[in-house]
Amino acid sequence: MSYDLAVVGAGPAGLTAARVAAKRGLRVALIDAYARTGGQFLRGAAQPRLTGVDVKLGQRVWAVERSSGGFEIHASTTTTAAILLVATGAHDKVIPFPGWDLPGVLTAGGAQALVKGERIRPGAEMVVAGTGPFLLPVAVTLLEAGVRVKEVLEANRPAPRMAAALARIPSKAAEALGYARRLAEARVPYRTGHAVVAAHGEDSVEGVTVARLTPGWRPYAWRTVDCDTVAVGYGFTPQVDLPLQLGCALTGDHVVTDDRQRTSVEGVLAAGEVTGVAGAPSAVVEGALAVHSLVGEPPPRLLAEKARLRRFARALDLSYPVRDGWRDWLTPDTVVCRCEEVTLRAIDEARDLGAHDPRTLKLLARPGMGWCQGRMCGHAVARLTGHEPAPQKRPFAQPITLADLTLHDREDNA
Amino acid sequence: MIEFRFEGRAIAAEEGQSIGAALHAAGIRSWRTTRFGGRPRGLFCAIGACFDCLLTVNGAPDQRACQTVARAGDEVGP
Ligand SMILES: Cc1cc2nc3c(=O)[nH]c(=O)nc-3n(C[C@H](O)[C@H](O)[C@H](O)COP(=O)(O)OP(=O)(O)OC[C@H]3O[C@@H](n4cnc5c(N)ncnc54)[C@H](O)[C@@H]3O)c2cc1C
Ligand code: FES
């Protein structure tokens, strides 16, 4: 059967959209790669009931195509729908440092996911490092899971801009204050202008080197901290593979939409972190707006709320950038691309041979050619060649098996 | 609780937990080594984006441990 609306991604954005659309009488399919709905934020938590929605879980979408009636969405089965809403969220943004490929180094979101979604304690003694307000809830979640959080290290020195942005949204200010209070009670130091610049250990993390950073993130004044696990996060990168395949316009790292979540491609909507990282509340508002754009006029209240949350996200973005001084954390032996094990030395050599852009560098030294297709090293590799990180077009959004491909052919020919 | 086997060793997992999380919680932090440097790899992103956590589940290679829900009796290895 063909649906009126197919939603890819069952996080806050996709869940909201599917629920609202079903209420409005649309035939809706909600597709997610994972075994549970909820995305990165809700995870195992209580979720809205999805009456009238066909929920398809464990379905990793690797390609979307235009067809006569709309779109074909290919996962282990193919779904067809007149309208496509992409709500695929984001993944952690990370930057390399010596030892970052040791087991025991986790992404900040990953550490959060292990507690909230998997109900495990990711480590006994941990350091949380990176940039952005997300480090605070991560540290508090870890504390509540019984982890001894030794330090929280914020590489930036978030300035008055951030305070001003917070002052305009009292709920956010109260939330931030709550986290700060919780950390203070547990006597966890929160240090700005600091970072984990190396991890040490044989088979797993045994400690980290912490450095003070100049405003440009050059390290000085090093010391070591014993810990068995590290959580690092430098923001999030939107997962734009599917919109890229369809030719949707992007700006920077995210999909461009109008105020009703319409992308530049007719029939393709996008909501949540794919349209720019702004957090779960914003994803919910955008999920609802996407449906309103199909069935009538969006309520002005929703449009205003979206604008307010987007302004806040913009202030965050400007307050917590990734600054280039991290290059000084690396040694020639530091692995930059975890999949293909490409070191900084190999990248420098390729650059000496004339690879001055990420594409040429990729061909010569192979960073970003492995399993993750540059999701983990893309930012670093771009910056190492002096380019702005840009999303890469991937013919397959996800690695697929030959069996999937042949199955797909068979369906096509049927 | 359910139980699966990693290289013959019994590992306990909660219902619905991923193989990766169960191994990590059991103190097994690495379950494969890299092709060139022989470096240990386990969980990193925990959401299916980094592919560090690949392992073999019931004979099927290259499964993401963090995205594969553990089932009773699974045989898991590098
Ligand atoms: C690991 C991690 C943990 C986070 N934890 C928190 C937190 O605790 N609190 C918080 O406020 N924010 C958290 N965030 C930030 C988060 O991005 C947002 O707050 C919020 O979850 C965004 O909602 P969304 O609907 O845009 O996307 P998401 O919640 O990210 O949902 C996207 C969904 O799309 C699915 N998907 C992606 N690609 C495909 C595909 N090709 N095929 C099928 N399905 C696909 C994913 O499986 C996922 O379920 C976290 C982010 C990450 C990466
Ligand atoms: S830990 Fe990154 S894909 Fe599993």
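Thresholds, definitions, all that
Residues numbered from 1 in each chain as written. Chains lettered and ligands numbered in written order. Predicted model: local features only at pLDDT ≥ 70, side-chain atom pairs only at ≥ 80, totals over all residues. Heavy atoms only, no water. Helix = DSSP H or I, 4+ residues; strand = E, 2+ residues; numbered from the N terminus. Rg over C-alpha atoms; globule rule 2.2 N^0.38 Å. Buried < 20%, exposed > 50% of the residue type's maximum accessible area, 1.4 Å probe, protein only. Contact = heavy atoms within 4.5 Å. Buried area = accessible area lost by both parts, 1.4 Å probe. Salt bridge = Lys/Arg side-chain N within 4 Å of Asp/Glu carboxyl O. Nonpolar A, V, L, I, M, F, W, Y, C, P; charged D, E, K, R; others polar. Near = heavy atom within 4 Å. Polar contact = N/O pair within 3.5 Å; in protein donor to acceptor, adjacent residues only side chain to side chain. Areas by Shrake-Rupley, 256 points an atom, 1.4 Å probe, with all protein chains shown as cover. Pairing = 2+ DSSP bridges. Axes fitted to C-alpha atoms, helices over the stretch in contact; angles between N-to-C directions.

Asker: Outline the overall build of chain B, listing residues and values.
Answerer: Each helix and strand in chain B was counted, giving 1 helix and 7 strands. Its helices and strands in sequence order give chain B the pattern β-β-α-β-β-β-β-β, from N to C terminus. Taking 78 residues into account, the globule formula puts the C-alpha radius of gyration at 12 Å, and chain B, at 11 Å, falls close to it. The buried share among the 78 residues of chain B stands at 56%. Counting contacts in chain B only where the partners sit at least 6 residues apart, residues at least 24 apart contribute 32% of the total.

Asker: Can you lay out the interface of chain A and chain B for me, pointing to particular residues and giving the numbers?
Answerer: Contacts between the two partners involve 39 residues from chain A and, on the opposite side, 34 residues from chain B. Around 3000 Å² of area is buried between chain A and chain B when both sides are counted, 52% of it from carbon and sulfur atoms. On the chain A side of the interface with chain B, the three residues burying the most area are R338, E341 and W371 of chain A, jointly 20% of the side's total. At the surface where chain A touches chain B, the tally comes to 5 salt bridges. Elements represented by at least two residues in the side of chain A that touches chain B include exactly β7 (90–92), β8 (105–107) and α3 (108–116) of chain A. Class assignment of the residues belonging to the side of chain A that touches chain B gives a composition of 18 nonpolar, 9 polar and 12 charged.

Asker: Explain the site of ligand 1 residue by residue, including any values.
Answerer: What surrounds ligand 1 is a group of 33 residues, the closest being D32, Q40, Q112, K116 and E273 of chain A. Residues within reach of ligand 1 are spread across chains A and B. A33 of chain A is positioned such that a nitrogen or oxygen atom in its backbone is 3.0 Å from a nitrogen atom of ligand 1. About the coverage of ligand 1: the protein hides 93% of its 970 Å² of free accessible area. Among the elements of the structure, α1 (12–23), α2 (39–42), β7, α3 and α8 (280–295) of chain A are those that each provide at least two residues to the shell around ligand 1.

Asker: Tell me what's going on with the sheet that holds strand β13 (residues 207–213) of chain A, and back it up with residues and numbers.
Answerer: All names here are of chain A. A sheet is described by the order of its strands in space; here 3 strands give the open sequence β12-β13-β14, paired in antiparallel fashion. Both outer strands of the open sheet, β12 (194–200) and β14 (219–226), are each paired with one neighbouring strand and no more. Sheet twist, expressed as the average angle between the axes of neighbouring strands with direction ignored, equals 30 degrees. Bridge count between β13 and β14: 7 bridges; the pairing is antiparallel. Residue pairing across strands places V208 opposite V225, the latter belonging to β14.

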